[in-house]
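Summary of the model geometry
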Amino acid sequence: MNRRLGLKPLITLCATLVLLGLPTNGLAHPGWGIAIDSEGSVYFTDIERLTIWKRLPDGTLQAAVTGVWTHQLFVDAQDNLYYEREEYRSNVGPYYSVWRRSPSGEQTLLIPPTLDQTVFGGENVVLDASGAIYFPTGRAITKRSPDGTQHLLAGSDTAGHQDGQGASARFTSINAMTMGPDATIYVTDGDAVRKITLDGVVTTLARGLLTIPPDDPFFDDGGFNDMYGLTVDAHGTVFVAYHGNRRLLQVTPDGSVSERYRAAAPWSPMGVYAAGDDLYILETGWLAGIGHFGPRLRKRSPDGTFTTVLTLGNVDTGKDDESAGISTGAAVTMTLSIQGRPSIESSDSG
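Below is a short write-up of the structure. Quick caveat: nothing in here was measured; it's all calculated off a predicted structure.

Notes on the overall build of the chain
Scanning the chain for helices and strands turns up 1 helix and 29 strands. Burial analysis of the chain (350 residues in total) assigns 55% to the buried set. Long-range contacts, defined as pairs at least 24 residues apart, comprise 45% of the intrachain contacts of the chain with a sequence gap of at least 6. For the chain, the accessible surface area stands at approximately 14200 Å², while carbon and sulfur atoms represent 49% of it.

Laid out in structure tokens, this is it:
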């Protein structure tokens, strides 16, 4: 039976963003961060509520990190959660920083807040087995070693699309990145999906993936016609959240492209994560006059069936209220704390 968890409005998005100096709902894009640890707990970003959520395998939903504006997530082999944080100070910013959350919940600052995007470029972060951090800096990718030293991995300040090694490679606009099981970095770059080896060799896996204009646009005017989150399964197949056209694309290792899923309005995929033979899709909604709302978490099983795991907010209004709060397929107990305001709600019996 589907249960609903009433959620009292703790803080409205626009008021929060004004206080923090952040963009308003209609002007900002949601996060695409979703990651799963070795126990099967699903972490996902929720910019509207300034929260990183953790859904346990038994369906319990917890606020893992609160008061944080973050886009992308990464979980390492030891189940440490990494995330970037965007913040504004007296309307100056964005300042970007990188944090690590241990399985026990301990928070560690890895890269202090900075305005210098050569120190940290913001919005994306992945790690290799040695603990080195990789992130985009403009139209390049930088490697930060565990000792804090940094060097260019691939790309330059010059925009373009060119495969090659190191500074000879060119990127158009890196939206999102992930680390594949083959220890290769994958990125969405403009209309392309590209691979970067850890020694800086850039190759294009597929290109021309954007439909212009989109035939099923997320926005009425076709704005934000972009690809965001991506994931790589054990077979080397890449799945890409084509947000601007409500699709989930599949790109095989030989570069063949197919559509694996299309969300029904008002939803659209923003992030995706491969866990074994399952796919978890992080979606956001959009309604004119309301803006972004959700998120919604869906799962594709190996037999191709899709189920909705979790929905935050009212699909009709985009807001949290007593009649339509968090809808989930399992009983949920949630402890929520945003900007220091705690609220404890329990699942209803009906």
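Overview of the sheet that holds strand E5 (residues 61-66)
Taken together, the 4 strands give an open sheet; going across it, the order is E2-E3-E4-E5, and neighbouring strands pair in antiparallel fashion. Edge positions in the sheet fall to strand E2 (34-36) and E5, since each of these pairs with one other strand and no more. Adjacent strand axes in the sheet meet at a mean angle of 25°, parallel and antiparallel pairs treated alike. Strand direction decides the pairing type here: E2 and strand E3 (residues 42-46), joined by 3 bridges, are antiparallel. Within the sheet, the bridge partner assigned to Ile34 lies in E3 and is Phe44.

Some points on the sheet that holds strand E22 (residues 257-262)
The 4 strands are arranged E19-E20-E21-E22 in an open sheet whose pairing can be described as antiparallel. The open sheet terminates on both sides in strands that have one partner only, identified here as strand E19 (227-232) and E22. Strand-to-strand twist of the sheet, defined as the mean angle between neighbouring strand axes without regard to direction, takes the value 25°. Pairing of E19 with strand E20 (residues 238-242) involves 4 bridges; the strand directions are antiparallel.

Each value, and the rule that gives it
Residues numbered from 1 in each chain as written. Predicted model: local features only at pLDDT ≥ 70, side-chain atom pairs only at ≥ 80, totals over all residues. Heavy atoms only, no water. Helix = DSSP H or I, 4+ residues; strand = E, 2+ residues; numbered from the N terminus. Buried < 20%, exposed > 50% of the residue type's maximum accessible area, 1.4 Å probe, protein only. Contact = heavy atoms within 4.5 Å. Areas by Shrake-Rupley, 256 points an atom, 1.4 Å probe, with all protein chains shown as cover. Pairing = 2+ DSSP bridges. Axes fitted to C-alpha atoms, helices over the stretch in contact; angles between N-to-C directions.

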